[in-house]
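Survey of secondary and tertiary structure
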Amino acid sequence: DESLFLPTNSSLSITLDKFYTTTTVKFCDHLSEDIFVLDGHIGSQEDTLKITRFLNLLRKISGKNQYAMIKSTNKVPTAAGFASSASGYAALTAAAVKSIGLDLSLKELTRIARQGSGSASRSIHGGFVEWFRGEKEDGSDSFAQPISEGDGWDISILSALLTSKPKKVLSREGMKRTVETSPFYSAWLSEVEKDFLIAKKAIEKRDFEMLGMVTERNALKMHATTLGANPPFMYWQGATIDVMELIQELRSSGIQAYYTIDAGPNVKILCEPKDEQLVKDALISLPVVRNVHISHPGPGISYLSEQK
Ligand code: ADP
């Protein structure tokens, strides 16, 4: 459901310590429209419109009609396949809800964040988080909650930024085309719930190999659906495959490292903290790798200040 942001399947993610967003929101009487400033620059019309639509939700719930000044800083690369939209909308939800004077539970915040960017629902919480698909048409049971068994489990997540060309197919457009035309999509749906349960089990047992294997397998299945779309497309570029091959080679030499790829060419690698430097060095040695960020599970939203 594209208006309520209701997904076809449940999902699981890790909130990272190094990739985050700081956002301030101030509703004012004298503004005649919302103003969005990202990293010191006025946001694009399209990004600002998205924010206005999102804030309209809160204006409706609270009964207040003021426009807002939103200032945001991303400590995550923006629009590069590293989920700046999840980070950005989680921060925006927390700040805007407080600023407009609503007092909502974390569960309610996840339901609201979901309507700005689906993945933002998970980023409200820290660590390992699940987002339930839900069954109800109004979306009231589609929310995110932490997987408590993952509490304190330190694993490393490396984000490899590649020397890639801009995406030919944008995520939302690609997803829509795949759902509508790929014969592999129904197979993906029956697989993804199974993989979700395996991933949860792996977190519960703190079984790193099990988590890594299911993460990689699941990513490959997702990308296979795009090859069946009409017209077909792929998010991978040559650089993506170079990294995938490297990780497979590291694994044959005994290093537990696994990759996952979102709707874009960049690659994320899971490994154990004892191996993170070695894996980073191996990645950096590839000419197609521009930069590697090492992160670990981090906290969810927090309030820096409650000053007026
Ligand atoms: P990514 O992989 O980084 O999530 P997307 O193209 O899916 O890339 O999303 C990028 C979009 O997310 C931006 O165009 C903007 O609309 C939104 N976004 C990113 N950062 C912020 C932020 N700090 N505050 C509000 N919206 C943001």
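Just so it is clear, the model here is predicted, and its values are computed rather than measured.

Some thoughts on the site of the ligand
The local shell around the ligand holds 17 residues, among which Asp 47, Ser 72, Asn 74, Ser 84 and Ser 85 are the closest. At 2.9 Å from a nitrogen atom of the ligand is found a side-chain nitrogen or oxygen belonging to Ser 72. At 2.6 Å from an oxygen atom of the ligand is found a side-chain nitrogen or oxygen belonging to Ser 84. The fraction of the free accessible surface of the ligand (570 Å²) that becomes covered by protein chains is 85%. For the shell around the ligand, the secondary structure elements donating two or more residues are β3 (35–38), α1 (45–62), β5 (67–74) and α2 (84–99). At four residues, α2 tops the list of elements feeding residues into the shell around the ligand. Split into classes, the residues belonging to the shell around the ligand amount to eight nonpolar, seven polar and two charged.

Points about the sheet that holds strand β2 (residues 21–28)
If you trace the four strands from one edge of the open sheet to the other, you get β2-β5-β3-β4, paired in mixed fashion. Taken across any chain shown, the strands that pair with only one partner, and hence form the sheet edges, are β2 and β4 (41–42). Contacting β2 and β5, α2 runs over the sheet at an angle of about 35° to β2.

Considerations on the packing of α1 against α2
Two elements in contact, α1 and α2, have axes separated by 11 Å at closest approach and are oriented at 45°. Here α2 runs oblique to α1, going by the angle between their axes. Crossing geometry of α1 relative to α2 is assigned as right-handed. On the side of α1, the interface is formed by Asp 47, Lys 50, Ile 51, Phe 54, Leu 55 and Leu 58, while α2 contributes Tyr 89, Leu 92, Thr 93, Ala 96 and Val 97. Each residue belonging to the contact of α1 with α2 can be placed in one class, and the counts come to eight nonpolar, one polar and two charged.

Thoughts on the pattern of salt bridges
Side chains bearing opposite charge may pair, as long as their charged atoms lie close to each other. Taken as a whole and judged by the stated rule, the model has 12 salt bridges. With a closest N to O distance of 3.1 Å, Glu 180 and Lys 176 form a salt bridge. Separated by four residues within a single helix, Glu 180 and Lys 176 lie in helix α5 (residues 171–181), roughly one turn from each other. By sharing partners, the salt bridges in this structure join Glu 191, Lys 194, Asp 195 and Lys 221 into a single network.

Concerning the packing of aromatic side chains
By the definition in use, this model includes six aromatic pairs. When the centroid spacing of 5.3 Å and the interplanar angle of 65° are considered together, the rings of Phe 132 and Phe 143 count as edge-to-face. One end of the pair, Phe 132, is in the loop between β6 (127–131) and β7 (144–146); the other, Phe 143, is in the loop between β6 and β7, and 11 residues separate them in sequence. Relative to Tyr 235, the ring of Phe 233 lies with its centre 5.2 Å away and its plane at 90°, an arrangement referred to as edge-to-face. As far as the burial class goes, Phe 233 and Tyr 235 line up, both buried.

What about the environment of Glu 137?
Along the chain, Glu 137 turns up in the loop between β6 and β7. On the accessibility criterion, Glu 137 (75% relative accessible area) is exposed. The sequence separation of Glu 137 and Ile 124 amounts to 13 residues, and the corresponding C-alpha distance is 23 Å.

Thresholds, definitions, all that
Residues numbered from 1 in each chain as written. Predicted model: local features only at pLDDT ≥ 70, side-chain atom pairs only at ≥ 80, totals over all residues. Heavy atoms only, no water. Near = heavy atom within 4 Å. Polar contact = N/O pair within 3.5 Å; in protein donor to acceptor, adjacent residues only side chain to side chain. Areas by Shrake-Rupley, 256 points an atom, 1.4 Å probe, with all protein chains shown as cover. Helix = DSSP H or I, 4+ residues; strand = E, 2+ residues; numbered from the N terminus. Nonpolar A, V, L, I, M, F, W, Y, C, P; charged D, E, K, R; others polar. Pairing = 2+ DSSP bridges. Contact = heavy atoms within 4.5 Å. Axes fitted to C-alpha atoms, helices over the stretch in contact; angles between N-to-C directions. Parallel < 35°, antiparallel > 145°, perpendicular 65-115°, else oblique. Left-handed = near helix turned anticlockwise from the far one by under 90°. Salt bridge = Lys/Arg side-chain N within 4 Å of Asp/Glu carboxyl O. Phe/Tyr/Trp six-rings, centres within 6.5 Å; stacked < 30°, edge-to-face > 60°. Buried < 20%, exposed > 50% of the residue type's maximum accessible area, 1.4 Å probe, protein only.

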